[in-house]
Amino acid sequence: MSYHATEAVTLRRWRTQEADALYLLFTECLGKVTAKARGVAKSTSRIAGMLQPHNRTHVILYQKQEDQDILSVTQVSLVRRYPHLQGDLKSLTLAACAAELIDFCTGEGEPNRMIWSLLTKLLDFWEENEATEAQLAAFALRILKETGFEPHLAACAKCGVQERSEWYYSPERGAILCPGCRRTERLALSGGAVSTMARLTSGEKLSALSFGEQDVKDMLLFLDEHIGYHVGRRSRALRVLQQIAVPLNGESEP
Ligand SMILES: [Zn+2]
């Protein structure tokens, strides 16, 4: 048996029968882990309050056997909560997208300090600043690169051309095709979306890039397709985000 002391961010929570709850945590020292907390079903539980999604805590996890999948939370103390982020629907949805992405792209018990640092910096930033879809896209591209799901966006995957105002995404290739090379690919992406994502993937800062509203919408559509095909899971939060970003009544045209 062993005890692990580490910082953690709660990615999600499930209720189980009776008074227990299961938490998916991304921890600094162990990577993603599933942990059970006993007796936290009551809304007044202090531990449940501290382990709310997105909160950052210091936890002590107990593992009875080496191969045990579900650890037990034995102690929790709060490092940081995010009241501003958690009180705003858009910020909360963006944070849920980031949490799902980390869940989808990482395996349990695989520590990754880079992802830990990216996640905690993002949450800290979103607590103090307005959270945007473009920041999420930049974060998602870093995570995809870090976990081996990096898309190829620098040039057409068939002919190698680099500058186009319109591209098509090929899920099978995880890459883009120019209009001349496209066959049955249906997801069209703006030149601005592709060049922004290519520059982000190569390490440029978001603040150094310029892009429009349509480019951002295309980036979210692209991420939804690419993650769905290559990681094999569909992000519910990303779908919700797209509905928030594109209001049903639409903004009126002049
Ligand atoms: Zn081409």
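Residues numbered from 1 in each chain as written. Predicted model: local features only at pLDDT ≥ 70, side-chain atom pairs only at ≥ 80, totals over all residues.

Participant: Would you take a moment to explain the overall build of the protein for this structure?
Facilitator: Along its length, the protein carries eight helices and eight strands. Taking 18 Å as the expected radius of gyration for a compact globule of 254 residues, we find that the protein reaches 20 Å, a close match to that expectation. Seen through its principal axes, the protein has C-alpha atoms that stretch 60 × 45 × 35 Å. Residue burial in the protein is summarised as follows: out of 254 residues, 33% are buried. (Helix = DSSP H or I, 4+ residues; strand = E, 2+ residues; numbered from the N terminus. Rg over C-alpha atoms; globule rule 2.2 N^0.38 Å. Buried ≥ 20, exposed ≤ 12 C-beta atoms within 10 Å, placed from the backbone.)

Participant: Could you clarify how one ought to interpret the packing of helix α6 (residues 191-201) against helix α7 (residues 213-231) in this entry?
Facilitator: The relative placement of two packed helices is expressed as an angle between their axes plus a distance between the axes. At a closest axis distance of 8 Å, the pairing of α6 and α7 adopts a crossing angle of 65 degrees. With respect to each other, α6 and α7 are oriented roughly perpendicular. The two elements α6 and α7 meet at a crossing, and its hand is right-handed. Note on element contacts: α7 touches α6 through Asp215, Asp218, Met219 and Phe222, opposite Gly192, Ala193, Thr196 and Met197. Looking at the contact of α6 with α7 residue by residue, the class counts come to four nonpolar, two polar and two charged. (Axes fitted to C-alpha atoms, helices over the stretch in contact; angles between N-to-C directions. Parallel < 35°, antiparallel > 145°, perpendicular 65-115°, else oblique. Left-handed = near helix turned anticlockwise from the far one by under 90°. Contact = placed C-beta atoms within 7 Å. Nonpolar A, V, L, I, M, F, W, Y, C, P; charged D, E, K, R; others polar.)

Participant: Please explain the sheet that holds strand β7 (residues 175-177) as it appears in this structure.
Facilitator: Hydrogen bonds between backbone atoms are what pair the strands of a sheet, whose relative direction is either parallel or antiparallel. Sheet architecture is open: three strands sit in the order β7-β6-β8, paired in antiparallel fashion. Both edges of this open sheet fall to β7 and β8 (187-190), since each of them pairs with a single strand only. Across the sheet, the axes of successive neighbouring strands diverge by a mean angle of 45 degrees, strand direction being ignored. Against the sheet, α6 touches β6 (166-170), β7 and β8, its axis set at about 75 degrees to β8. Set on the sheet, α7 makes contact with β6 and β8; between it and β8 the angle comes to about 140 degrees. (Pairing = 2+ DSSP bridges.)

Participant: Would you explain the sheet that holds strand β2 (residues 21-27) in this entry?
Facilitator: What the five strands build is a closed barrel, ordered β1-β2-β3-β5-β4; its pairing is mixed. Between one strand axis and the next, the sheet turns through 50 degrees on average, direction left out of account. With seven bridges joining them, β2 and strand β3 (residues 31-37) adopt antiparallel strand pairing. For Phe26, the partnering residue across the bridge sits in β3 and is Lys32. Strands β1 (2-15), β2 and β3 of the sheet are contacted by helix α3 (residues 89-105), whose axis makes an angle of about 120 degrees with β1.

Participant: Could you clarify how one ought to interpret the packing of α3 against helix α4 (residues 113-128) in this entry?
Facilitator: Where α3 contacts α4, the axes come no closer than 11 Å and their chain directions differ by 175 degrees. Classed by the angle they form, the pair α3 and α4 counts as roughly antiparallel. For the pair formed by α3 and α4, the contact residues are Ser91, Leu94, Ala95, Ala98 and Ile102 on the first element and Ile115, Leu119, Leu122, Leu123 and Trp126 on the second. Considered class by class, the residues forming the contact of α3 with α4 number nine nonpolar, one polar and no charged.

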